[in-house]
14 protein chains.
Amino acid sequence: MGALIAIGAGIAALTGIGAGIGIGIATSKATEAIARQPEAKGDINKALLLGCALAEATAIYGFVIAIMIILFLK
Amino acid sequence: MGALIAIGAGIAALTGIGAGIGIGIATSKATEAIARQPEAKGDINKALLLGCALAEATAIYGFVIAIMIILFLK
Amino acid sequence: MGALIAIGAGIAALTGIGAGIGIGIATSKATEAIARQPEAKGDINKALLLGCALAEATAIYGFVIAIMIILFLK
Amino acid sequence: MGALIAIGAGIAALTGIGAGIGIGIATSKATEAIARQPEAKGDINKALLLGCALAEATAIYGFVIAIMIILFLK
Amino acid sequence: MGALIAIGAGIAALTGIGAGIGIGIATSKATEAIARQPEAKGDINKALLLGCALAEATAIYGFVIAIMIILFLK
Amino acid sequence: MGALIAIGAGIAALTGIGAGIGIGIATSKATEAIARQPEAKGDINKALLLGCALAEATAIYGFVIAIMIILFLK
Amino acid sequence: MGALIAIGAGIAALTGIGAGIGIGIATSKATEAIARQPEAKGDINKALLLGCALAEATAIYGFVIAIMIILFLK
Amino acid sequence: MGALIAIGAGIAALTGIGAGIGIGIATSKATEAIARQPEAKGDINKALLLGCALAEATAIYGFVIAIMIILFLK
Amino acid sequence: MGALIAIGAGIAALTGIGAGIGIGIATSKATEAIARQPEAKGDINKALLLGCALAEATAIYGFVIAIMIILFLK
Amino acid sequence: MGALIAIGAGIAALTGIGAGIGIGIATSKATEAIARQPEAKGDINKALLLGCALAEATAIYGFVIAIMIILFLK
Amino acid sequence: MGALIAIGAGIAALTGIGAGIGIGIATSKATEAIARQPEAKGDINKALLLGCALAEATAIYGFVIAIMIILFLK
Amino acid sequence: MGALIAIGAGIAALTGIGAGIGIGIATSKATEAIARQPEAKGDINKALLLGCALAEATAIYGFVIAIMIILFLK
Amino acid sequence: MGALIAIGAGIAALTGIGAGIGIGIATSKATEAIARQPEAKGDINKALLLGCALAEATAIYGFVIAIMIILFLK
Amino acid sequence: MGALIAIGAGIAALTGIGAGIGIGIATSKATEAIARQPEAKGDINKALLLGCALAEATAIYGFVIAIMIILFLK
């Protein structure tokens, strides 16, 4: 039984793929934006942080589910 | 039985992939928009928050379903 | 039996991926639009809300089906 | 038997992915269009509503089939 | 036997994904076109309706097949 | 036996995905073309109709095969 | 045995997806081309017809194979 | 045995997807090219025909293999 | 045994998808190139032929393997 | 049992794909941004580091889950 | 046993997909390059030949493996 | 048991795909950036190294998990 | 046993897909670069050769693994 | 047992796909960069080599894992 649980936890962890790509896209445009308007870097960094935090959250949901699967269903 | 439930919960958690990519795309353009029109940053941040909150919600739906699967179907 | 139901509910919850990406795309262009035409922000936000609400609805359909699967078919 | 029905209903609900992405694309361009031509917002919103309603319909087809599967084939 | 039928009906309903994305793409350009040439909105809406109706039809084919599977093969 | 036939019919119906996306792409450019050259709308609509009819045909092939599977192989 | 034949026929019918998308792409550019050069519409329509006929042919190959599978292998 | 042959023939027929999309892309650019340089339509059509014939050939390879599977391996 | 061979031959035939798309892309740009520089059509056609022949070869490899599977492993 | 655990751990490790692509996209734009505005390199590098750290975190979640699967479920 | 070998050979032959698409992309740009700089056609054709030969080689690797599978493992 | 472990290790090793593509994208833009601003090559190379090291790390996570699977679960 | 080895060798040979596409992309831009700057063809060809050799190497890794699977595990 | 190991080694070898595509993208832009700024070819080649070496490394990780699977788990 433990073995199939391992697969379930692995699938849950995959949720981080979306956040990984999303944060990368956000950061790429943020560096471009800073280069274009260096004096707005404070505001750009705030928006970047806001978006990345929300995207990171989706990865954390998957992480939490994976941990719950390992601990609760063992 | 618990093992297949783990896979179900893992699949449900994957829903966060969409939100992760979506929030990343939204943030990327928001930073660009702030760089182009720094004085509109308040309005841009409001629209960004509105969109990200709705996108985040889709990840939370998956998260809730995953938790329900773990708790109710165990 | 409960285990396969879990997989069904998980698949249903995945519907949110589309809404997550879609809302992100919509928000990204909305922030760009506000930066280009800040005085039209009211109209832009209205169109954004309209679209996001309809897109969110598709995620909710999946969420509802997932809940129905968990409650009715258990 | 109920379990495989759950998977069938879940797959049917996935139909909403297309509508979710489609409505997002439509909304993204609509906000851009309003920013470019604010005085045409009425016509733009009408076209947006028409398209979104038709796209939403495809999600509803999947939703209806999912409900029918749960109720009729149980 | 009913269970596999449910999966067949679910797959058939998925046909709506194509129409959902297609109608979204069509609507997105239509709103842009109205913004560029507001006085041609009647002609644009006619072309949009023509295309969306044909695209919607593909979703309806899938819907009809799903219903036929549920009713005839039960 | 009926159950696997249902899956076969469902797969056949999926053929409509291509037509759904294709018609959407065609319509999107057609509305743009009408906005750019409103006086050529007759010719544009003719080309649009020609293409959409041929694309729709591919969806109908899938639909016909799905019906044949349901009726002949039951 | 009939059931697996149904799946084979369904897969063969899927060939139409490529033609559906291809014809859509071809038509989209053709409408744009007519808008740019309305007096060349005859030549554009000829090239469009030539291409669409050849693309449609690929869908018909799949259709023919599907029919052959249903009739010959039943 | 006949049933698995049906699946093999169906997969072989799928080869037409590539040709369907490829011919569509080729035709789309050819119509654009004719609109830009109507007096070169003869040469453009020759190149289009050459390419489409070669692309169509790949679909025919799949078609021939599908027929051979149905006739030789039955 | 013959049945699984059919699937193997079908998969081998699929190799033509790459060539189908590739030849289409090559032809699309070649028509564009002829429209831009009609007097270089001889050289363009030579390069097109060279590339298409090499791409076609990849489809033929798959075709040959499919034939060998049908004849040698029957 | 150990064998299925190995597959689960492998799937969990795959989470790094998203971060790998995301960091690559972010870095690509950062180098472009530095080339455009060399004097803003400090700010660009800070934003790049912030984004990459968050993206890397998603890969680490998958890594941690993989280790947990190997150690706890053996 | 021969049957599974057929599937292995088929998968190996699929390697040609990459070369098919790659050669197509290379040829497409080469024709464009010749149109832009007809007097450099010799050098362009050399680079095209070099690249296509290396890409073709990857298809030949797959072809060789497929032949080896058919001959050595029968 | 060893056999399934081999598949798990293989899947874990696949993590390198993301890093491979990501590093390629980063390098492509870095060479472009150096060509545009040769005197900033030091800073560009530093950012490139930083990003590539972090991306490479994701591949190494997968590599480490693969080694752990082979050594610990044998 | 030989049969599953055939599938393993086939999968290993698929590695060439990446190299096939990659070399094609590299060659396409190289021909464009030669057309833009014919006098730099020596340097362009050197960079092209360097990149293609490294990309080809990835295909050769897969080829070597496929041969090793056939010879060592038979 | 040896047979499943072959599949595991094949999957591990697939890691080279990412590197193959990535190196191709990097090389494509490098040739373009050399054409734009021939005198910076030294620096461009250094950056290209650095990136390609790191990308190649990801393919080598997969290659090493594949060899380890074949030698250690036989």
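Remember, predicted model here, so these are calculated numbers, not experimental data.

Colleague: Please clarify how the overall build of chain A should be interpreted in this entry.
Modeller: Of regular secondary structure, chain A possesses three helices and zero strands. For 74 residues, the compact-globule formula gives about 11 Å, and the C-alpha radius of gyration of chain A, at 17 Å, lies well above that figure. Oriented by its inertia axes, the alpha-carbon framework of chain A measures out at about 55 × 15 × 10 Å. Of the contacts formed within chain A by residues at least 6 apart in sequence, a portion of 73% connects residues at least 24 apart. Here chain A displays about 2100 Å² of accessible surface, and carbon together with sulfur accounts for 71% of that area.

Colleague: Would you mind showing me how to read the state of the cysteines here?
Modeller: Two cysteines whose sulfur atoms are joined by a covalent bond form what is called a disulfide. Counting across every chain of the model gives zero disulfides over all chains. Note on I:Cys52: no disulfide assigned, nearest cysteine sulfur contributed by H:Cys52 at a separation of 10.0 Å. Since its relative accessible area comes to 0%, I:Cys52 is described here as buried.

Colleague: Whenever I open this one, the interface of chain F and chain G confuses me. Can you help?
Modeller: Accessible area lost when the parts come together is the quantity often used to give the size of an interface. On the chain G side, the residues contacting the 39 residues of chain F number 40 residues. The contact between chain F and chain G buries some 3300 Å² in all, and 79% of this surface belongs to carbon and sulfur atoms. Taken as a group, F:Tyr61, F:Ile65 and F:Leu73 account for 17% of the area that chain F buries against chain G, more than any other trio of residues on that side. Between F:Asp43 and G:Lys41 there is a salt bridge, with the nearest N and O atoms lying 3.0 Å from each other. Along the contact surface separating chain F from chain G lie three residue pairs in polar contact (both at pLDDT 80 or more). Contributions of two or more residues to the side of chain F that touches chain G are made by helix H1 (2-13), helix H2 (16-36) and helix H3 (41-72) of chain F. Here the element with the most residues in the side of chain F that touches chain G is H3(F); it accounts for 17 residues. Grouping the constituent residues of the side of chain F that touches chain G by class yields 27 nonpolar, eight polar and four charged.

Colleague: Mind showing me how you'd approach the UniProt feature "domain: V-ATPase proteolipid subunit C-like" (unreviewed entry) in chain A here?
Modeller: Cross-referencing UniProt, the feature "domain: V-ATPase proteolipid subunit C-like" (unreviewed entry) maps to residues 7-69 of chain A in the present numbering. With 90% helix and 0% strand, the stretch residues 7-69 of chain A has end C-alpha atoms that lie 10 Å from each other.

Colleague: Before we go on, may I ask you to explain the interface of chain M and chain N in this structure?
Modeller: At the junction of the two partners, chain M supplies 39 residues and chain N supplies 40 residues. Carbon and sulfur atoms make up 79% of the area that chain M and chain N hide from each other, which totals about 3300 Å². By the criterion of area lost to chain N, the three top residues of chain M are M:Tyr61, M:Ile65 and M:Leu73, representing 17% of everything that side buries. At the surface where chain M touches chain N, the tally comes to three residue pairs in polar contact (both at pLDDT 80 or more). When residues in the side of chain M that touches chain N are grouped by element, the largest group, 17 residues, is from helix H3 (residues 41-72) of chain M. Looking at side-chain class alone, the side of chain M that touches chain N contains 27 nonpolar, eight polar and four charged residues.

Colleague: Would you mind going over the packing of helix H2 (residues 16-36) of chain B against helix H2 (residues 16-36) of chain C with me for this structure?
Modeller: A pair of packed helices can be characterised by two numbers: the angle between their axes and the separation between those axes. Between H2(B) and H2(C), the shortest axis-to-axis distance is 7 Å and the interhelical angle comes to 5 degrees. Considering their axes alone, H2(B) and H2(C) lie roughly parallel with respect to each other. Where H2(B) approaches H2(C), its residues B:Gly18, B:Ala19, B:Gly22, B:Ile25, B:Ala26, B:Lys29, B:Ala30, B:Glu32, B:Ala33 and B:Arg36 are matched on the opposing element by C:Ile17, C:Gly20, C:Ile21, C:Gly24, C:Ile25, C:Thr27, C:Ser28, C:Thr31, C:Glu32, C:Ala35 and C:Arg36. A breakdown of the residues in the contact of H2(B) with H2(C) according to their chemical character gives nine nonpolar, seven polar and five charged.

Colleague: What exactly am I supposed to notice about the UniProt feature "transmembrane region" (unreviewed entry) in chain A here?
Modeller: All names here are of chain A. Under the UniProt annotation, the feature "transmembrane region" (unreviewed entry) is placed at residues 6-26 and 47-73. Along residues 6-26, the helical share is 90% and the strand share 0%, with 32 Å between the first and last C-alpha atoms. Regarding residues 47-73, the helix share stands at 96% and the strand share at 0%, and the terminal C-alpha atoms are separated by 39 Å.

Colleague: Would you mind showing me how to read the environment of G:Pro38 here?
Modeller: Note on placement: G:Pro38 falls in the loop between helix H2 (16-36) and helix H3 (41-72). The exposure class assigned to G:Pro38 is partly exposed, which follows from its relative accessible area of 24%.

Colleague: Looking at this structure, I do not really get the arrangement of the chains. What am I missing?
Modeller: Note that chain A does not reach chain I: the shortest distance linking a C-alpha of one to a C-alpha of the other is 27 Å. One finds no contact linking chain G with chain I; the least C-alpha distance across the pair is 10 Å.

Colleague: Before we go on, may I ask you to explain the pattern of salt bridges in this structure?
Modeller: Two side chains bearing opposite charge may form a pair once their charged atoms approach each other closely. Enumeration over the complete set of coordinates arrives at 58 salt bridges over all chains. In this structure, A:Asp43 engages A:Lys46 in a salt bridge whose closest nitrogen and oxygen atoms are separated by 3.9 Å. Taken as a pair, A:Asp43 and A:Lys46 lie in helix H3 (residues 41-72) at a separation of three residues, close to a single helical turn. Among the salt bridges present, the one from M:Glu32 reaches K:Lys29, with a minimum N-O distance of 3.7 Å. Of this pair, M:Glu32 sits in helix H2 (residues 16-36) while K:Lys29 sits in helix H2 (residues 16-36), which puts the two residues in different chains. Neither M:Glu32 nor K:Lys29 differs from the other in exposure class; each is buried.

Colleague: It is not clear to me how the packing of aromatic side chains should be interpreted in this structure. Could you clarify?
Modeller: Enumeration over the complete set of coordinates arrives at 14 aromatic pairs over all chains. Between the aromatic rings of K:Tyr61 and M:Phe63, the centroid separation amounts to 4.8 Å while the plane-to-plane angle is 25 degrees, which identifies the pairing as stacked. With one member in each of two chains, K:Tyr61 in helix H3 (residues 41-72) and M:Phe63 in helix H3 form a pair that bridges those chains.

Colleague: Is there a simple way to explain a positive patch on the surface in this structure?
Modeller: Judged by side-chain charge, A:Arg36, B:Arg36, C:Arg36, D:Arg36, E:Arg36, F:Arg36, G:Arg36, H:Arg36, I:Arg36 and J:Arg36 come together as a positively charged surface patch. By secondary structure assignment, the location of A:Arg36 is in helix H2 (residues 16-36).

Colleague: Mind showing me how you'd approach H2(G) here?
Modeller: Think of an α-helix as turning once every 3.6 residues; residues three or four places apart then point the same way. Its 21 residues place the ends of H2(G) 30 Å apart at the C-alpha level, agreeing with the 30 Å of an ideal helix rising 1.5 Å per residue. For H2(G), a buried count of 19 out of 21 residues is recorded, marking the element as mostly surrounded by other parts of the structure.

Colleague: Please clarify how the side chain of I:Thr15 should be interpreted in this entry.
Modeller: Positionally, I:Thr15 belongs in the loop between helix H1 (2-13) and helix H2 (16-36). Judged by relative accessible area, which is 0%, I:Thr15 ranks as buried. At 2.6 Å, the side chain of I:Thr15 forms a polar contact with the backbone oxygen of I:Ala12. With sequence-adjacent residues up to four places away left out, I:Thr15 is seen in contact with I:Thr58, I:Gly62, K:Ala13, K:Leu14, K:Gly16 and K:Ile17.

Colleague: Quick question: what am I supposed to make of the side chain of L:Ser28 here?
Modeller: Relative to the assigned elements, L:Ser28 resides in helix H2 (residues 16-36). Of the residues examined, L:Ser28 reaches a relative accessible area of 4% and is grouped as buried. Beyond its immediate sequence surroundings of up to four residues, L:Ser28 is in contact with N:Ile25, N:Ala26 and N:Lys29.

Colleague: I keep staring at the packing of H2(F) against H3(F) and nothing clicks. Help me out?
Modeller: Residue and element names in this part refer to chain F. For the pair H2 and H3, the least separation of the axes is 8 Å and the interaxial angle reads 175 degrees. By the angle class used here, H2 and H3 are roughly antiparallel. Along the contact surface, H2 presents Gly16, Ala19, Ile23, Ala26, Thr27, Ala30, Ala33 and Ile34, while H3 presents Lys41, Ile44, Asn45, Leu48, Cys52, Ala55, Glu56, Thr58 and Ala59. Of the residues that constitute the contact of H2 with H3, the class distribution is 11 nonpolar, four polar and two charged.

Colleague: Quick question: what am I supposed to make of the confidence of the model for chain A here?
Modeller: All names here are of chain A. On average, residues of chain A score 91 in pLDDT, and 95% of them reach the 70 mark or higher. Summarising per-element confidence for chain A, the mean pLDDT is lowest in helix H1 (residues 2-13) (86) and highest in H2 (94). Here the complex is predicted with pTM 0.91, and the ipTM for its interfaces comes to 0.88.

Colleague: What is the right way to look at the environment of N:Glu39 in this model?
Modeller: All names here are of chain N. Examined against the element boundaries, glutamate 39 turns out to sit in the loop between helix H2 (16-36) and helix H3 (41-72). When its relative accessible area of 65% is taken as the criterion, glutamate 39 is described as exposed. Note: C-alpha distance between glutamate 39 and threonine 58 (19 residues apart in sequence) is 31 Å.

Colleague: Got a minute to help me understand the environment of L:Ile21 in this structure?
Modeller: Along the polypeptide, L:Ile21 turns up in helix H2. Spatially, the C-alpha atoms of L:Ile21 and L:Cys52 are 11 Å apart, while their sequence positions differ by 31 residues. Not counting chain neighbours up to four residues away, the residues in contact with L:Ile21 comprise N:Gly18 and N:Gly22.

What counts, and where the lines are drawn
- Residues numbered from 1 in each chain as written.
- Chains lettered and ligands numbered in written order.
- Predicted model: local features only at pLDDT ≥ 70, side-chain atom pairs only at ≥ 80, totals over all residues.
- Heavy atoms only, no water.
- Helix = DSSP H or I, 4+ residues; strand = E, 2+ residues; numbered from the N terminus.
- Rg over C-alpha atoms; globule rule 2.2 N^0.38 Å.
- Contact = heavy atoms within 4.5 Å.
- Areas by Shrake-Rupley, 256 points an atom, 1.4 Å probe, with all protein chains shown as cover.
- Disulfide = S-S within 2.5 Å.
- Buried < 20%, exposed > 50% of the residue type's maximum accessible area, 1.4 Å probe, protein only.
- Buried area = accessible area lost by both parts, 1.4 Å probe.
- Salt bridge = Lys/Arg side-chain N within 4 Å of Asp/Glu carboxyl O.
- Polar contact = N/O pair within 3.5 Å; in protein donor to acceptor, adjacent residues only side chain to side chain.
- Nonpolar A, V, L, I, M, F, W, Y, C, P; charged D, E, K, R; others polar.
- UniProt positions renumbered as here; feature names shortened; annotations may be inferred.
- Axes fitted to C-alpha atoms, helices over the stretch in contact; angles between N-to-C directions.
- Parallel < 35°, antiparallel > 145°, perpendicular 65-115°, else oblique.
- Phe/Tyr/Trp six-rings, centres within 6.5 Å; stacked < 30°, edge-to-face > 60°.
- Patch = residues over 30% accessible without salt bridge, like charges linked within 9 Å, V, L, I, M, F, W, Y side chains within 5 Å.
- Lys, Arg positive; Asp, Glu negative; His and termini not counted.
- Charge placed at Lys NZ, Arg CZ, Asp CG, Glu CD.
- Expected span 1.5 Å × (residues − 1).
- pLDDT = per-residue confidence, 0-100.

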